[in-house]
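Chain by chain, the residues run as shown.
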Amino acid sequence: MRGERGLIARHAGTVLVGQLAVMAFGVTDTIVAGRYSEDALAALSVGAAIFVSVYVSLMGVLQALLPVWAELHGGGRGAEVGRSVRQSLYLAGLAIVVGMALLLLPGPALQWTQVPPAMRSEVEAYLMVLAFALAPALLFRLFSTLSQSLGKPQLVTWLQLASLAIKLPLSVWFTFGGAGLPAMGLVGCGWATLVVNWAMLGCAVWLLRASPFYRGYRLWQPIEKPDWAQIAQFARLGVPAGLAVLVEVTSFTLMALFIARLGTTAAAAHQIAANLLAVAYMVPLSLAIATSARVSFWLGAGDPALARRACRTGFELTVLCALLFALAMWGLRFQLAAVYSDKPAVIALAGALLLVVALYHFADALQTLCVFVLRCYRVTLAPLAIYCTLLWVVGLGGSYLLAYRGLGPWPAMQSPLAFWIMGAAALAVTALLFGALLRWTMAHRVRG
């Protein structure tokens, strides 16, 4: 047990460092935009919500392939990994086309959610730049998923850390201008992201070619014609997983868009709370990635008992870390909000939101671990149905009613608190259902 705990903790810790470096991109943009103007921060809250919805949903499709490659690794079938990775490029190509189309045409979503017209032009310009940063981001995610499935996340983390050293100065320079470059405002943050994403992808390709670690997996063979049977297997695993992520993230995105109606103070406070939650989420996400890699490794090796033990270990670590982060957000809520903004009204509202965000994070951590391990057993449709019912209907629908129309005995709150309260309640029920489903699945060894 100690050996398994150490493996998962080291793997998760390495992934976490890299994920925090990537999350620092968003923190940097939030702070830079907030210092540039309150309007830029409010526009970022909408633009970032849309981009994250598209990117993370499509990333979920590719991330769901981790169990496939981890099982091949666990079963000693490393020579088959290369062909499988090459076939996944067809799925990645389709994801890039779909994602770029959505980012280049955000108008209907902005109009449907009644984002103020004064904010739309800046949001659309920001998303246009990010549309061309999507392809390298998704292809780098494929490289990241491969490395994590093979138990080698260190190279990914080094690249992510190095990219942060480029992102920080570029965001400041492009946003505020200087050295002959005019100030671009929020769009400057988008250009900085584009440059960094392409640089990361270039380094990843070089590593795949030059690192001795990857040579045994026969990655650089000529790409085969589409193997529709294998691509269909990828789709059966990845598409429901991606749709589940889409439901989870769009419920969060629509929350930001609906809150934008309440004005720039509410939107800015929500952006602070959302950004802190996203940073905290990197811990359970890293543990879920590491745990699912070990579970799939043991399943590929034909040892379901050790797979169950790896899951229990990951669950223990997740509960401990989630409690620590929730307590930190609760106790330091006003100090954390003051890092992002110097406006008293924004700090006060963000501090109030963080009280609920702490509960939201704990439930989110537990359901994340469960859903990742369920994918190791090829269970994807039931989580999708649960997400749709609880996150969209109960969480988002209930929060909209509570915020603007009233819900049962409670009058309309006209506050972003309504969205966080209902969202936390929906996630708590989701975590309970996922836990019960995972326990049943592991007991009955459901595959396919």
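For the structure itself, look to the data block above.
Small disclaimer: the values here were computed from a predicted structure and weren't measured.

A.B. asks: Before we go on, may I ask you to explain the overall build of the protein chain in this structure?
C.D. replies: When helices and strands are counted, the protein chain shows 16 helices and zero strands. In summary, the protein chain has a C-alpha radius of gyration of 21 Å against a globular reference of 22 Å for 448 residues, a match within 12%. When its C-alpha atoms are laid out on the principal axes, the protein chain stretches across 60 × 55 × 40 Å. The buried share among the 448 residues of the protein chain stands at 58%. Within the protein chain, residue pairs in contact and separated by at least 24 positions form 82% of the contacts whose partners lie at least 6 positions apart. Summed over all atoms, the accessible surface of the protein chain reaches about 17800 Å², with 71% contributed by carbon and sulfur. Within the protein chain, one finds 29 positive and 15 negative side-chain charges whose respective centroids are separated by 9 Å.

A.B. asks: Please clarify how empty space enclosed by the protein should be interpreted in this entry.
C.D. replies: One water molecule sets the probe size; rolling that probe over the atoms shows where empty space is left. This structure, assessed with the given rule, holds three cavities of 30 Å³ or more. When its volume is computed, the second largest cavity comes out at roughly 100 Å³. Lining the second largest cavity, in full, are E248, S251, M255, Y360, L391, G395, L396, S399, F419, G423 and L427. Those elements giving two or more residues to the lining of the second largest cavity turn out to be α10 (228–259), α15 (381–405) and α16 (417–444). The element best represented in the lining of the second largest cavity is α15, accounting for four residues. Among the residues making up the lining of the second largest cavity, the classes are represented as six nonpolar, four polar and one charged.

A.B. asks: Whenever I open this one, the packing of helix α7 (residues 134–149) against helix α9 (residues 186–210) confuses me. Can you help?
C.D. replies: Axis angle and axis distance: for two packed helices, these are the angle between their axes and the distance between the axes, and together they describe the pair. Put simply, α7 and α9 touch, their axes get as near as 9 Å, and they point 40° apart. With respect to the hand of their crossing, α7 and α9 are arranged in left-handed fashion. Together, P136, A137, L139, F140, F143 and L146 of α7 and N197, W198, M200, L201, A204, L207 and L208 of α9 make up the contact between the two elements. Counted by class, the contact of α7 with α9 contains 12 nonpolar, one polar and no charged residues.

A.B. asks: What is the right way to read a nonpolar patch on the surface from this model?
C.D. replies: Where nonpolar side chains cluster on the molecular surface, the patch consists of L104, L105, M128 and F132 and spans about 420 Å² of accessible area. For L104, the location among the structural elements is in helix α4 (residues 81–104).

Reading the values: rules and limits
Residues numbered from 1 in each chain as written. Predicted model: local features only at pLDDT ≥ 70, side-chain atom pairs only at ≥ 80, totals over all residues. Heavy atoms only, no water. Helix = DSSP H or I, 4+ residues; strand = E, 2+ residues; numbered from the N terminus. Rg over C-alpha atoms; globule rule 2.2 N^0.38 Å. Buried < 20%, exposed > 50% of the residue type's maximum accessible area, 1.4 Å probe, protein only. Contact = heavy atoms within 4.5 Å. Areas by Shrake-Rupley, 256 points an atom, 1.4 Å probe, with all protein chains shown as cover. Lys, Arg positive; Asp, Glu negative; His and termini not counted. Charge placed at Lys NZ, Arg CZ, Asp CG, Glu CD. 1 Å grid on protein atoms, 1.4 Å probe; cavity = no way out; pocket = protein on both sides within 12 Å on 5 of 7 lines; lining within 4 Å. Points joined across faces, edges and corners; volume = space filled by probe spheres on them. Nonpolar A, V, L, I, M, F, W, Y, C, P; charged D, E, K, R; others polar. Axes fitted to C-alpha atoms, helices over the stretch in contact; angles between N-to-C directions. Left-handed = near helix turned anticlockwise from the far one by under 90°. Patch = residues over 30% accessible without salt bridge, like charges linked within 9 Å, V, L, I, M, F, W, Y side chains within 5 Å. Salt bridge = Lys/Arg side-chain N within 4 Å of Asp/Glu carboxyl O.

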